[in-house]
Amino acid sequence: MSQPTGPASQGHAHKQPAPPPDLMDVTLTINGSRKTLRVAPWTSLLDALRLHLDMTGTKKGCDHGQCGACTVLVDGRRINSCLTLAVMAEGRTVTTIEGLASGDALHPLQEAFVEHDAFQCGYCTPGQICSAVGMLEEGHARTDDDIRELMSGNLCRCGAYPNIVAAIRQVMDSQAQKDGGKP
Ligand code: FES
Ligand code: FES
């Protein structure tokens, strides 16, 4: 006589599919505005920005922490927003490319990128600029080689690297001049 072979016959309790986890509220200050979002716990900060807030200035390249297109500043430090869960940024201050200009006045790095023609397709540019803001704040770069090294997490498939370095160098030098001029 043939024996039943299904899971029940093997003594396993029938498992119900796990219920979907509760959505979570997360409150962030984004470019100076406080926002509360309801997101699934696994939602990346990148998807929270792009899909929940419709802030598409921050770009998705690899979605795996390898290209830097999604770089934003969290509490002033540059991070890959594709590798950060939105809930991890609870209560923090997030600055994206949309938040760098002051009214009609571009951020000095935005101006320098335009002046030095530091982009072609522009897809990597928001990440490059946010990363450069964070890098200059870190204060470790002194030379073009330093800039190349410290910006190495931001890839540019168009190969605009020499112009990107020149743009950042200009802002770095002008900041150094201002700092040197301080009493
Ligand atoms: S999209 Fe985040 S590092 Fe590439
Ligand atoms: S300007 Fe096209 S990827 Fe950098």
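Residues numbered from 1 in each chain as written. Chains lettered and ligands numbered in written order. Predicted model: local features only at pLDDT ≥ 70, side-chain atom pairs only at ≥ 80, totals over all residues. Heavy atoms only, no water.

(A) Structural view of the overall build of the protein chain. Broken down by element type, the protein chain carries five helices and five strands. In the protein chain, the succession of helices and strands from N to C terminus is β-β-α-β-β-β-α-α-α-α. When burial is assessed residue by residue, the protein chain has 36% of its 183 residues classed as buried. Pairs at least 24 apart in sequence give 56% of the contacts found in the protein chain among residues at least 6 apart. Of the accessible surface of the protein chain, which amounts to about 11100 Å², a share of 51% is contributed by carbon and sulfur atoms. (Helix = DSSP H or I, 4+ residues; strand = E, 2+ residues; numbered from the N terminus. Buried < 20%, exposed > 50% of the residue type's maximum accessible area, 1.4 Å probe, protein only. Contact = heavy atoms within 4.5 Å. Areas by Shrake-Rupley, 256 points an atom, 1.4 Å probe, with all protein chains shown as cover.)

(B) Examining the sheet that holds strand β4 (residues 77-80) more closely. Overall, mixed pairing links the five strands, which are arranged β2-β1-β5-β3-β4 in an open sheet. With one partner strand each, in any of the chains shown, β2 (33-39) and β4 form the two edges of the open sheet. Between one strand axis and the next, the sheet turns through 40 degrees on average, direction left out of account. Taken together, the two bridges between strand β3 (residues 71-74) and strand β5 (residues 93-95) define a ladder with antiparallel strand orientation. Within the sheet, the bridge partner assigned to V74 lies in β5 and is V94. Set on the sheet, helix α3 (residues 125-138) makes contact with β3 and β4; between it and β3 the angle comes to about 40 degrees. (Pairing = 2+ DSSP bridges. Axes fitted to C-alpha atoms, helices over the stretch in contact; angles between N-to-C directions.)

(C) Spotlight on a nonpolar patch on the surface. On the surface, a nonpolar cluster with roughly 350 Å² of combined accessible area is contributed by W42, L85 and M88. Checked against the element boundaries, W42 lands in the loop between β2 and α1 (45-52). (Patch = residues over 30% accessible without salt bridge, like charges linked within 9 Å, V, L, I, M, F, W, Y side chains within 5 Å. Salt bridge = Lys/Arg side-chain N within 4 Å of Asp/Glu carboxyl O.)

(D) Structural context of the side chain of Q110. Counting through the fold element by element, Q110 comes out in helix α2 (residues 108-115). Judged by relative accessible area, which is 12%, Q110 ranks as buried. Sequence-distant contacts of Q110, that is, excluding residues within four places in its chain, are made with I97, L100, A101 and I129.

(E) Structural context of the environment of H64. Looking at where H64 falls in the secondary structure, it is placed in the loop between α1 and β3. Apart from the residues within four sequence positions on either side, H64 is in contact with C82 and L83. Within the structure, the side chain of H64 is placed 2.9 Å from the backbone oxygen of C62, a separation counted as a polar contact. (Polar contact = N/O pair within 3.5 Å; in protein donor to acceptor, adjacent residues only side chain to side chain.)

(F) Focus on the packing of α2 against α3. Put simply, α2 and α3 touch, their axes get as near as 10 Å, and they point 130 degrees apart. By the criterion of interaxial angle, the relationship of α2 to α3 is oblique. Here α2 runs over α3; the crossing is right-handed. Along its contact with α2, which presents L109, Q110 and F113, the element α3 presents T125, Q128, I129, A132, V133 and L136. Class assignment for the residues of the contact of α2 with α3 results in six nonpolar, three polar and no charged. (Parallel < 35°, antiparallel > 145°, perpendicular 65-115°, else oblique. Left-handed = near helix turned anticlockwise from the far one by under 90°. Nonpolar A, V, L, I, M, F, W, Y, C, P; charged D, E, K, R; others polar.)

(G) Structural context of the pattern of salt bridges. Under the defined criterion, the tally for this structure stands at eight salt bridges. Between D75 and R92 there is a salt bridge, and its shortest N-O distance comes to 3.1 Å. You can see D75 sitting in the loop between β3 and β4 and its partner R92 sitting in the loop between β4 and β5, a full 17 residues away along the chain. Judged by relative accessible area, which is 43%, D75 ranks as partly exposed. Residue classification places R92 among the partly exposed residues on the basis of a relative accessible area of 38%. The residue R148 makes a salt bridge to D145 at a minimum N-O spacing of 2.9 Å. Taken together, the residues R148 and D145, both in helix α4 (residues 144-150) and three residues apart, mark about one turn of the helix.

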